[in-house]
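# A closer look at the structure
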There are 2 protein chains.
Amino acid sequence: MKYVYAFHEGNKDMKNLLGGKGANLAEMTAIGLPVPQGFTITTDACLKYYDEQETLNGEVITQIKEKLQELEQKSGKKLGDTNNPLLLSVRSGAQVSMPGMMDTILNLGMNDEVAAGFAISTGNPRFVYDNYRRLIQMFADVVMGFPKSSFEYLFDKMKVEKGVALDSELTTDDLKEIVGIYKQEYLKNAGAPFPEDPEVQLLEAVKAVFRSWNNERAITYRKLNHIPSEWGTAVNVQEMVYGNKNDMSGTGVAFTRNPATGEDRLYGEYLMNAQGEDVVAGIRTPKSIETLQEIMPECYREFSHICRLLEDHYKDMQDMEFTIEDGHLFMLQTRNGKRTAKAAIKIAVDMVNAGKITKEEALLKIQPEQLNQLLHPNFTQESLESAQVIAEGLAASPGAATGKIYFTTEDVIDADARGEKDLLLIRGETSPEDIEGMNLVHGILTVRGGMTSHAAVVARGMGTCCVCGCDSITVDEASKTLTTKDGAVFHEGDYMSFDGSTGRVYGEQLATMEPEIFGDFETFMDWADEIRRLGIRANADTPKDAKQARKFGAEGIGLCRTEHMFFDEARLLPFRQMIVADTEEKRKVALDKILPFQRDDFAELFRVMEGDPVIIRFLDPPLHEFLPHTEEEVKELAISLDMTFENMEHLRNRIADLKEFNPMMGHRGCRLAVTYPEIARMQTRAVIEAALIVQEEGYFVKPEIMIPLIGDKKEYLYVKNLVCQTAEEVLKEKEASLNYLVGTMIEVPRATITADEIAKEADFFSFGTNDLTQMTYGFSRDDASKFLQDYYKENIFDFDPFATIDQKGVGVLLELGTRMSRRVKRDISLGICGEHGGDPQSIEFCNKIGLDYVSCSPYRVPVARLAAAQASIREKSNK
Amino acid sequence: MKYVYAFHEGNKDMKNLLGGKGANLAEMTAIGLPVPQGFTITTDACLKYYDEQETLNGEVITQIKEKLQELEQKSGKKLGDTNNPLLLSVRSGAQVSMPGMMDTILNLGMNDEVAAGFAISTGNPRFVYDNYRRLIQMFADVVMGFPKSSFEYLFDKMKVEKGVALDSELTTDDLKEIVGIYKQEYLKNAGAPFPEDPEVQLLEAVKAVFRSWNNERAITYRKLNHIPSEWGTAVNVQEMVYGNKNDMSGTGVAFTRNPATGEDRLYGEYLMNAQGEDVVAGIRTPKSIETLQEIMPECYREFSHICRLLEDHYKDMQDMEFTIEDGHLFMLQTRNGKRTAKAAIKIAVDMVNAGKITKEEALLKIQPEQLNQLLHPNFTQESLESAQVIAEGLAASPGAATGKIYFTTEDVIDADARGEKDLLLIRGETSPEDIEGMNLVHGILTVRGGMTSHAAVVARGMGTCCVCGCDSITVDEASKTLTTKDGAVFHEGDYMSFDGSTGRVYGEQLATMEPEIFGDFETFMDWADEIRRLGIRANADTPKDAKQARKFGAEGIGLCRTEHMFFDEARLLPFRQMIVADTEEKRKVALDKILPFQRDDFAELFRVMEGDPVIIRFLDPPLHEFLPHTEEEVKELAISLDMTFENMEHLRNRIADLKEFNPMMGHRGCRLAVTYPEIARMQTRAVIEAALIVQEEGYFVKPEIMIPLIGDKKEYLYVKNLVCQTAEEVLKEKEASLNYLVGTMIEVPRATITADEIAKEADFFSFGTNDLTQMTYGFSRDDASKFLQDYYKENIFDFDPFATIDQKGVGVLLELGTRMSRRVKRDISLGICGEHGGDPQSIEFCNKIGLDYVSCSPYRVPVARLAAAQASIREKSNK
């Protein structure tokens, strides 16, 4: 088995094996670009490492040494050679870029002897010892996991002792001294000296990359992004080139187009005489890429040529790292660039219009989740007019966020756990450890860092509003305060607002409004609609939600829950009277009071939907959810029922009787209709009467009545008969006719297993994957949150089954239910209305098993439309 | 389609279509016995009747009339003829005899004219008018549903008026008068006159039989006996013969053997000059069948010949009805006779020994449930005769118990400590804390809770007599009294008696007798063991249970629940300390205290089982079940932990935190092991150390560790690794070696769906069908009891899915799990350990899908052995 590939042995399609970075280095090598040569250790080697109790397999080591030898021959340098040493960088590189993992170790291969010889051969000892001390520091931090701060402290101490302010003011001797001090510190921490053997350095670095695949941040990131832990990471070993060699050297990152707006112009930053980490760290402020044209016109021309070439080659906007060593340009990395949704859509539409890609290719370029950015609110014009800008930073990720400020990820997590909404995170700069906090907040503000800093990249990926590099403010993490240039102080929990599209920061709460849907977006979504097979409906309980859903392109309502209709004050009291009534007679009296309200609700919904399908689900939650909790409310209910004192006791007993051990698995859904048929009758009457009113007004209307929680054919038939009898009664009374459908929600495992029997009697099914997931796994969402954290931590679960359909378990039942129902009724309408209906991966699965539509929350409708289109495209290309 | 069969057109194998009675009448006709002729209307006609909104289909009516005409030709009589009228009986007859349904209408075809003519032609007008008045009375009662009492009242009034005591003292004229009075009463009730048209009488009677299929009693009976409502009933229409014609006439019932003891001697009773209903009604005392020999020797000889013939023909003890009309013997019915378990076994063994049937046939003759009678103590016949029933509840766990009553577990424990014997426990309902008390008493009575309530389940497991849901009594725990509906009050220490086989409660001490396990029973069970393929294990948590299980023939322990081990006083406190501990360290300290107890428990269990397999299930219930409920207990716990006052608040918070919304779907089972691996480690250590101790003593021992509630392969692997690492640690410490297995309980739907993946890593599976049923249906047993009553009433469910495996739903998952796990691991050990493991129908299913064993409560082991044998026999005969 081949575990190590030289760059010239791979290509861009080998991402699974070589990781994204490795595959692209190979590809660039293949098309003749200037890439420092090296080799990639495969993801297979990583998996083997874990299979064998975290040890490097002998065969893997042998192959690494072989490739190293090849590299030495090719470069004419030798690892550990004192005259002409080969120096290496080691980088992780999974199939997809993963911020949580180890990034880079530079200058590998350095030791006392190599440094001494290399100082002579380069004639630049300061440069050599600076690289040497950096190696020790990185190695101690990333490979060994020693505290970074102690090395930083020693370095700062040296500067104080020497009376200098800048790193560059330290002399060669100072740096030599630092190397010695670092080695002592290393020895103290490790109990063993810093490994002078370059091969040991290399193998330890490789193992560190493998280990970093399973550090906590990487696991969190994988969970958030549905990346299976089984993938593993590759390792890239590459000859060093030095952007910090001299003033004819430099390093930078660039995008072929503007990643914020999509504008078709080279976009990037660089630093002269610097290593890559200096650009990202945000310590020195980099320059715009255009200025390179003046400083090194030759290099700039070559670079912009390579940019065009790479974009055309990859058919996508590229994000590249480059280094210039002594006037020579080297490409260190290329990948498809992260971008805002707005930019993504503009780039996609522009590239289609320019004939560079097809509509299908364009549709595949955008992560459906990214559209969220376009659907998020902005500040209202009025609120902005009176608002005071207290600081300004880089507009790193668009959107508007308003809320309470927090200064650490822990505090954000705590606030979220307390149930606080609308949180904002403020940091000096963010690091991979902040991922969890960043995921919980509406907006992020950093003091340091540019458009390509960690905060900016991650926030854009998440579609979260972010302002970066806001260096006019001071943040004190200890006292949890933010101080503006003008001395205004904000404390933890104060309100602020960030505008990620302008970079402006406001010291108050601002009103937000819905986004505008602009031209390219419409064009793009039209393409999605042309191509998708799946219908997209929305879960909407109110006319307001329904309107929003239509605006976002929903083709109907897949789920209108009726229970919220009972919580309204005018209805709650009669509904409570209904619940505690001890005779059918009394229940009917109470329900008669609710009927006109429900009828009006439904009528308004039908009007809004203008003839598009509307599925109304009958009452689902257990009745005790509606009962009074406080003694006062109980009294109010008692008074409303003209109850005597003794009856109060009876009422309390009735309330106590309704308590359940496991409400999720209790007296709810269709079971209510079996026990209290009058509820289903009232709801049927409300639906049919409402439909007749709206039909009379000239609308087309065909209500679909959905009976929840069915598990058995006879159970379904019983309730269906109730519904149909009542509907026919109403139609006879009103001497009218109306088309209506009756179907059920498939949400208990038994319903999927007996779907063929139930399908014979049902007009439609809607898979309720929330409950189906709970029952298939046997845990309730509310209770599982307590232990699922441990499941993620221990790598038992890779993803949240309530967010993405569990294809191995729940998915098997969905497929079974679909197959069996289609077998007996080919044209039965099948959809899904759990939260999974808005999740792209789940939508792809729904497309695959042949559902007719998905239904999701109104704000996810555009996401679903795109995901459905992508599913169709992938399905065709797989055929 | 043929809806009506003349008797000569059918045979005994057509029970599905003709019902049991009809098929046997046809069979007797076929073998030439004297049977009054007639015809049977099929169960198909009944189903059609229900399909067509309870109307008799025209085709069915036409065929009835055709067969009626045939019957008229054959008999030479004519329905409604005034000279030679055909008179009919109409009887219901389902596939199995169903006491809940309509029984019989006699003398059909009688009206004023027929009666007048028939009185002349028979020369016996008294006889004719007596029959006529009986017809009106029966018709009004059974067909029309008028109150029986009003007719009885009128009859009694007449006797008073005429000054006579016996029916037979009424004259012909009196009876004619009664006919007139009855007709008036009928008119008053019906609003229409009694139908004089014999054909109308007949069709109405047929419809009444069909209707009776769905009366409440019939539905209840079907539910209790797992009879599907889809079967429907047949109707038998038969020419009347008259046992009340004269003194050469008579009627009786007889068994070919004694149904109480099994003795091989004709056993029965008859009355001369009487109709069948007189024998059953018990107004006149019937004579023993032997005396017929003296009165009508010819008839007796013929009858005893027929008895032998029928028994040989049906290869079973027969229960027959006969009528003698004017010296002629007629057989009205034969069927396999109901008998006591003791008789059943004796008959079966005798018949095998006599070479009349095979062992297989013998084994099929006994309902496994019947064996229960032989396994529990009963009250003596004499003691029951004078005993007063003071309340009645559900017969939840069979057996008879007499003793002193106590109202709390503590009081039971105290009484036991004082040396009192024969204790009874009475509770509103029981909870896991009552286990210790339940374990000490002979009988348990609860006010609330159904057949599957905690008390019922636990009592059946223990083999302790239990009456549940006895809601006519009131229990006051504070004053320690029980009050009956009639106001009788019983105090702590008073004597009472419970009959768990009938649900009856007596307010006094009654004599009991232990069951005899006699020779035939052993022989019979040996045959069952020879023939069955399925292994039989027991669910036993304690050495005591395990001993009982072995006595009843269990071949191992299929489920030893370990949670009860934590409820013991010595362990509960450290366990509570463990639960509320906030560090792993503190948890370990607490667990270390429990370890020696668990080790001893397991060691004793291994000794009792002498090398037979023992499956130990690790801790399953959510931790909050173990926490203190009262403030006092909380304080006790706090003191034991040396807690300060502030810490108390912390403790209360921790207890509150552990509360769950849906404990059934919460933090339990293997999820506990993921979060608190130290619990699983402690239990592993206890198991392995115990096994080593017992191995040392010279026993063979191979413990099987079962991880509950697994839903995913990785989840299983995680816990399995914990277990194996710990086990290897212990073995290394002790320098010993030991064989042990690790497997899992398959009880959440997802585990059945992914069984192939899990099977790769597991030594065995045990299907936990209790939880699997709950999750597949999506209702919890505790909560479902509230609404399932409505499901039975509305015919939505035919049976209790917690008692018998739901083959259409849960069964599909079991089959899937079995098939998939066998596919990857052919020899994986597969069993079932839910309560279904003791249910004969479920056992047959387990046999069919190829499980290796079933595990049930010790007292159900003989039942399971027989059921497994029957399953094997049926399987072979189906091949």
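Further up the page is the structure itself.
The structure reproduced in this document is the subject of the present report.

Here is what the cut-offs are and how they apply
- Starting from 1, residues in each chain are numbered consecutively following that chain's sequence as written.
- Written order determines the labels here, with chains lettered from A and ligands numbered from 1.
- Restriction of local features to residues with pLDDT of at least 70 applies here, the model being predicted, together with a cutoff of 80 or more for giving and counting side-chain atom pairs; totals for whole chains, interfaces and linings are based on all residues.
- Neither water nor hydrogens contribute to the side-chain values; these are computed over all heavy atoms in the structure.
- Comment: elements are numbered from the N terminus, with helices defined as DSSP H or I runs of at least four residues and strands as E runs of at least two.
- Partly exposed residues are those whose accessible area sits between 20% and 50% of the maximum for their type, while under 20% is buried and over 50% is exposed, using a 1.4 Å probe and protein chains only.
- Pairs of strands are assigned from DSSP output, requiring at least two bridges between the strands.
- Every residue pair with non-hydrogen atoms within 4.5 Å of one another is taken to be in contact.
- Every axis in this analysis is a line fitted to C-alpha atoms, fitted for helices over the stretch in contact. Angles between the N-to-C directions lie between 0 and 180 degrees.
- A pair of cysteine sulfur atoms is labelled a disulfide when the two atoms are within 2.5 Å.
- In this text, buried Ala, Val, Leu, Ile, Met, Phe, Trp, Tyr and Cys residues form a nonpolar core when linked through side-chain atoms within 4.5 Å.
- Counted as salt bridges are all cases of a side-chain nitrogen of Lys or Arg within 4 Å of a carboxyl oxygen of Asp or Glu.
- The term buried area refers to how much accessible surface (probe radius 1.4 Å) is lost by two components on association, counted for both of them together.
- The term polar contact refers here to a pair of N or O atoms within 3.5 Å; inside protein, the definition further demands a hydrogen-donor-capable atom paired with an acceptor-capable atom, and it admits residues adjacent in sequence only when both atoms are side-chain atoms.
- Under the scheme applied here, ten amino acids are nonpolar (Ala, Val, Leu, Ile, Met, Phe, Trp, Tyr, Cys and Pro), four are charged (Asp, Glu, Lys and Arg), and all others, including Gly, are polar.
- Positive residues here are Lys and Arg, negative ones are Asp and Glu, while His and the chain termini are left out of the count.
- Note on angle classes: values under 35 degrees are labelled roughly parallel, values over 145 roughly antiparallel, values of 65 to 115 roughly perpendicular, and the remainder oblique.
- Crossings are classed by handedness, with left-handed meaning an anticlockwise turn of the near helix from the far one by less than a right angle and right-handed meaning a clockwise turn.

## Some remarks on the environment of B:K659
Along the chain, B:K659 turns up in the loop between α26 (645-657) and α27 (670-675). As for B:K659 and B:P801, which are separated by 142 residues in sequence, their C-alpha atoms are 29 Å apart.

## Observations regarding the environment of B:K876
Residue and element names in this part refer to chain B. Along the chain, K876 falls in helix α36 (residues 861-878). The exposure class of K876 is exposed, given its relative accessible area of 57%. Between the C-alpha atoms of K876 and M665, which are 211 residues apart in sequence, the distance is 41 Å.

## Here's the deal with the sheet that holds strand β9 (residues 318-325) of chain B
Residue and element names in this part refer to chain B. Strands sit in the order β8-β7-β6-β9-β10 across an open sheet of five strands; the sheet is antiparallel. Two strands in the sheet have a free side with no partner beyond their single neighbour: β8 (287-288) and β10 (328-336). Relative to β9, strand β6 (residues 250-255) runs antiparallel, the two being bridged by six bridges. Each bridged residue has a counterpart across the sheet, and for A254 the counterpart in β9 is M320. Lying over the sheet, helix α12 (residues 297-314) contacts β6, β9 and β10, oriented at roughly 25° with respect to β10.

## Section: the state of the cysteines
All told, the structure shown has zero disulfides over all chains when counted by the stated rule. Here A:C307 is not cross-linked by a disulfide; its sulfur's nearest cysteine counterpart is in A:C299, at 12 Å. Owing to a relative accessible area of 3%, A:C307 belongs among the buried residues under this scheme. Considering cysteine sulfurs only, B:C468 is the nearest to B:C470, which forms no disulfide, with 9.6 Å between them.

## Let's talk about the nonpolar core
Counting residues in hydrophobic clusters, the biggest one holds 287 residues, and the most contacted among them are A:L371, A:F524, A:F606, B:F524 and B:F606. The contacts of A:L371, once residues within four sequence positions are left out, are A:A341, A:I345, A:I366, A:F521, A:M525, A:P862, A:V863 and A:L866. Core analysis: the next-biggest nonpolar cluster, separate from the first, contains 60 residues, B:Y49, B:L68, B:A115 and B:V164 among them.

## Side note on the pattern of salt bridges
Charged atoms that come close allow side chains of opposite charge to pair. All names here are of chain B. In this structure the tally under the stated criterion is 144 salt bridges over all chains. For D620, the salt bridge goes to R617, with nearest N and O atoms at 3.9 Å. For the pair D620 and R617, one class covers both residues: buried. Taking the shortest distance from any N to any O, the salt bridge between R823 and D756 comes out at 3.5 Å. On the criterion of sequence distance, the pair formed by R823 in helix α34 (residues 810-824) and D756 in helix α31 (residues 755-759) is long-range, its members being 67 residues apart. The exposure class assigned to R823 is exposed, which follows from its relative accessible area of 62%. The exposure class assigned to D756 is buried, which follows from its relative accessible area of 18%.

## Some words on the interface of chain B and chain A
Every contact between the two is made by 50 residues of chain B and, on the other side, 50 residues of chain A. Between chain B and chain A, roughly 4,400 Å² of surface is buried when both sides are summed, and carbon and sulfur atoms account for 56% of that area. When the buried surface of chain B facing chain A is broken down by residue, B:M665, B:K714 and B:R750 rank first, second and third, together holding 16% of it. Summed over the shared surface of chain B and chain A, the number is eight salt bridges. Of the charged contacts in the structure, one is a salt bridge between B:K808 and A:E757, with a shortest N-O distance of 2.9 Å. Viewed at the interface, chain A and chain B are joined by 34 residue pairs in polar contact (both at pLDDT 80 or more). Of all elements in the fold, only α27, α29 (713-734), α30 (749-753), α32 (769-777), α33 (781-793) and α34 of chain B reach the threshold of two or more residues within the side of chain B that touches chain A. Grouping the constituent residues of the side of chain B that touches chain A by class yields 20 nonpolar, twelve polar and 18 charged.

## Notes on the side chain of B:E747
Residue and element names in this part refer to chain B. Residue position: E747 is located in the loop between β28 (741-746) and α30. Although E747 is buried, it forms no salt bridge, and the closest oppositely charged side chain is R668 at an N-O distance of 4.5 Å. In this structure the side chain of E747 is engaged in a polar contact, spanning 2.6 Å, whose partner is the backbone nitrogen of L709. The contacts of E747, once residues within four sequence positions are left out, are P708, L709, G768, D771, L772 and M775.

## Notes on the packing of helix α3 (residues 58-75) of chain A against helix α8 (residues 198-212) of chain A
All names here are of chain A. Interaxial distance between α3 and α8 falls to 12 Å at its minimum, and their mutual angle equals 120°. Comparing the axis directions of α3 and α8 gives the class oblique. Crossing of α3 against α8: the hand is right-handed. Residue-level contacts link I61, I64, K65 and L68 of α3 to E199, L202 and L203 of α8. Considered class by class, the residues forming the contact of α3 with α8 number five nonpolar, no polar and two charged.

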